[in-house]
Amino acid sequence: MMLSVAWLALKRMPRIMCLVFLFITIFLLAFLLLGCTQESSVYSSTFLIRYSFNKSSSIFPLIEKSFTSKNLTGYEDMIVRTGYLGLCVDVGDDITCTGRKDFSVLNSISAVNVYTVNSNTSSTTLDLIALAADFTDDIVHPYVLIATIVLSIVQFLALFYVVIPSLPAKHIITKFNLILAPVLALLWGFGSMWTHVAADAGQSLVEKASMGIVQAHIGKKAAALTWTPFTFLLIVALTVVGLYFRDLNKIIDAVDPKV
């Protein structure tokens, strides 16, 4: 009995490993989706891009003076992190996070006025929260990520169905997996590249457009949570395709054995 169970497990090991990879993928992508939605360091540290004022800039004293005039002490050290579904504002030891399309809780933090050198009667407004909100709302969208999570769950259930012995219609589910696995890998491959390009552009363009007043940093944790699932989905796709053609060759040999 034990030997038969062990042999069955070994025969199904590639599909079991695919199930493990898919489970990890679903967990990592869900964690990535929830980044910057709660004040906990587990979530607030998962960000796509982080904005802060450059303390080495010659304009930084004016920024500090502008916040002081509004009785906003320490706001010159403000850090704004943005994710797929929200953003977090870190001022000192206080962290405030808000969801996508709901930035009203941050209205108390007004934009900073950066005065020109020749005259203090005209000023340019600089708002880190507005930059982060525009990045979240207009540049990075969560829909591809959400679709990838949903399809990964469907793929997991379909593979699990194939692994269980003596269930009907396995050939249909196998063909379904054969189509879904490459599509899923391509979908999140597109999502990963889009996020990478958006974060890289958000970093370089903001720093240059602000003349070095604003610093931008790409989140390494979010990048790891982006590319690791893509690697797993690619492995799953190659394994599913390989297993299908292996099983197909076995059926052909059984029907028409080679002499």
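Treat the numbers as computed from the prediction; the structure is a model and nothing was measured.

Undergrad: Tell me about the pattern of salt bridges, and please be specific about residues and values.
TA: Under the defined criterion, the tally for this structure stands at two salt bridges. K55 is the partner of D77 in a salt bridge, and the nearest nitrogen-oxygen pair spans 3.2 Å. Here K55 lies in the loop between β1 (49-53) and α4 (60-69) and D77 lies in the loop between α4 and β2 (79-82), a separation of 22 residues in the sequence. What makes K55 exposed here is its relative accessible area of 56%. The residue R81 makes a salt bridge to D90 at a minimum N-O spacing of 3.6 Å. Here the two residues R81 and D90 agree in accessibility, since each one is buried.

Undergrad: A description of the state of the cysteines should follow, citing residues and the corresponding values.
TA: Cysteine pairs can be linked by a disulfide, which is a covalent bond between their two sulfur atoms. Across all of its chains, the model carries one disulfide by this definition. The closest cysteine sulfur to the non-disulfide-bonded C36 is located on C88, 4.4 Å from its own sulfur. The exposure class of C36 is buried, given its relative accessible area of 0%.

Undergrad: Report on the environment of D94, specifying residues and quantitative values.
TA: For D94, the position within the fold is in strand β4 (residues 94-99). For the pair D94 and E39, spaced 55 residues apart in the sequence, the C-alpha separation amounts to 9.0 Å.

Undergrad: An account of the packing of aromatic side chains is requested, with residue identities and associated values reported.
TA: Here the structure, examined in full by the defined rule, presents six aromatic pairs. Centroid distance Y244 to F245: 5.5 Å. Interplanar angle 85 degrees. Geometry classified as edge-to-face. The exposure class of F245 is partly exposed, given its relative accessible area of 45%. Site record: aromatic cluster; members linked through ring pairs are F27, F31 and Y43.

Undergrad: Break down the environment of F60 for me, with residues and values.
TA: Counting through the fold element by element, F60 comes out in helix α4. Residue classification places F60 among the buried positions, given a relative accessible area of 9%. Between the C-alpha atoms of F60 and E76, which are 16 residues apart in sequence, the distance is 8.0 Å. Once residues lying within four places of it in the same chain are set aside, the contact partners of F60 are F53, N54, K55, E76 and D77.

Undergrad: A description of the packing of helix α6 (residues 143-163) against helix α7 (residues 170-209) should follow, citing residues and the corresponding values.
TA: How two helices sit against one another is set out by the angle between their axes and by the gap between those axes. Where α6 meets α7, the axes come as close as 9 Å, and the angle between the chain directions of the two elements is 155 degrees. Considering their axes alone, α6 and α7 lie roughly antiparallel with respect to each other. Relative to α7, α6 is oriented so that their crossing is left-handed.

Undergrad: An account of helix α2 (residues 13-33) is needed here, citing residue identities and associated values.
TA: Over its 21 residues, α2 extends 30 Å from the first C-alpha to the last, a length consistent with the 30 Å expected when each residue adds 1.5 Å. Every buried residue belonging to α2 is among R15, C18, L19, F21, L22, T25, I26, L28, L29, F31, L32 and L33, and all of these are buried.

Undergrad: Provide a residue-level description of the UniProt feature "transmembrane region" (unreviewed entry) in the protein, including the pertinent values.
TA: Under the local residue numbering, the UniProt record ascribes the feature "transmembrane region" (unreviewed entry) to residues 143-164, 176-197 and 224-245. Secondary structure within residues 143-164 divides into 95% helix and 0% strand; the distance between the first and last C-alpha atoms comes to 32 Å. Taken as a whole, residues 176-197 contains 100% helix and 0% strand, while its terminal C-alpha atoms sit 32 Å from one another.

Undergrad: Go over the pairing of β4, please, and point to the residues and values.
TA: With six bridges joining them, strand β3 (residues 86-91) and β4 adopt antiparallel strand pairing. If you follow C88 over to β4, its bridge partner there is C97.

Undergrad: A description of a nonpolar patch on the surface should follow, citing residues and the corresponding values.
TA: On the surface, a nonpolar cluster with roughly 410 Å² of combined accessible area is contributed by M13, M17, V20, F23 and I24. Locating M17 in the fold gives a position in helix α2. By relative accessible area, which is 36% here, M17 ends up partly exposed.

Definitions and cut-offs
Every chain's residues receive numbers from 1 upward, in the order its sequence appears when written. This being a predicted model, a pLDDT of at least 70 is required before a residue's local features are given, and a value of 80 or more before pairs of side-chain atoms are given or counted; all residues contribute to the totals for chains, interfaces and linings. Excluding hydrogens and water, the side-chain values take into account all heavy atoms of the structure. Each salt bridge in this description consists of a side-chain nitrogen of Lys or Arg and a carboxyl oxygen of Asp or Glu lying within 4 Å of one another. Helix and strand definitions follow DSSP, with helices as H or I runs of at least four residues and strands as E runs of at least two, each counted in order from the N terminus. Relative accessibility thresholds used throughout: buried, under 20% of the residue-type maximum; exposed, over 50%; partly exposed, between the two (1.4 Å probe, protein chains only). In this description, a disulfide is simply a cysteine sulfur pair whose atoms lie within 2.5 Å. Ring geometry is summarised as follows: Phe, Tyr and Trp rings, the Trp one being its six-membered ring, pair when their centres sit within 6.5 Å, and such pairs are stacked at plane angles under 30 degrees, edge-to-face over 60 and tilted between the two. Here, residues are in contact when the closest pair of their heavy atoms is within 4.5 Å. Note on geometry: axes are C-alpha line fits, over the in-contact stretch for helices, and angles between N-to-C directions span 0 to 180 degrees. If an angle is under 35 degrees, it is roughly parallel; if it is over 145, roughly antiparallel; if it lies from 65 to 115, roughly perpendicular; otherwise it is oblique. If you view the pair so one helix is near and one far, a crossing is left-handed when the near helix is turned anticlockwise from the far one by less than a right angle, and right-handed when it is turned clockwise. Multiplying one less than the number of residues by 1.5 Å gives the expected span of a helix. UniProt positions are given in the numbering used here, feature names are shortened, and annotations may be inferred rather than shown by experiment. A strand pair is defined by DSSP finding two or more bridges across the two strands. In this analysis, a patch consists of residues with relative accessible area above 30% that form no salt bridge, clustered at 9 Å for like charges and at 5 Å for the nonpolar side chains Val, Leu, Ile, Met, Phe, Trp and Tyr. Only the protein chains shown count as cover for residues, and the accessible areas themselves come from Shrake-Rupley with a 1.4 Å probe.

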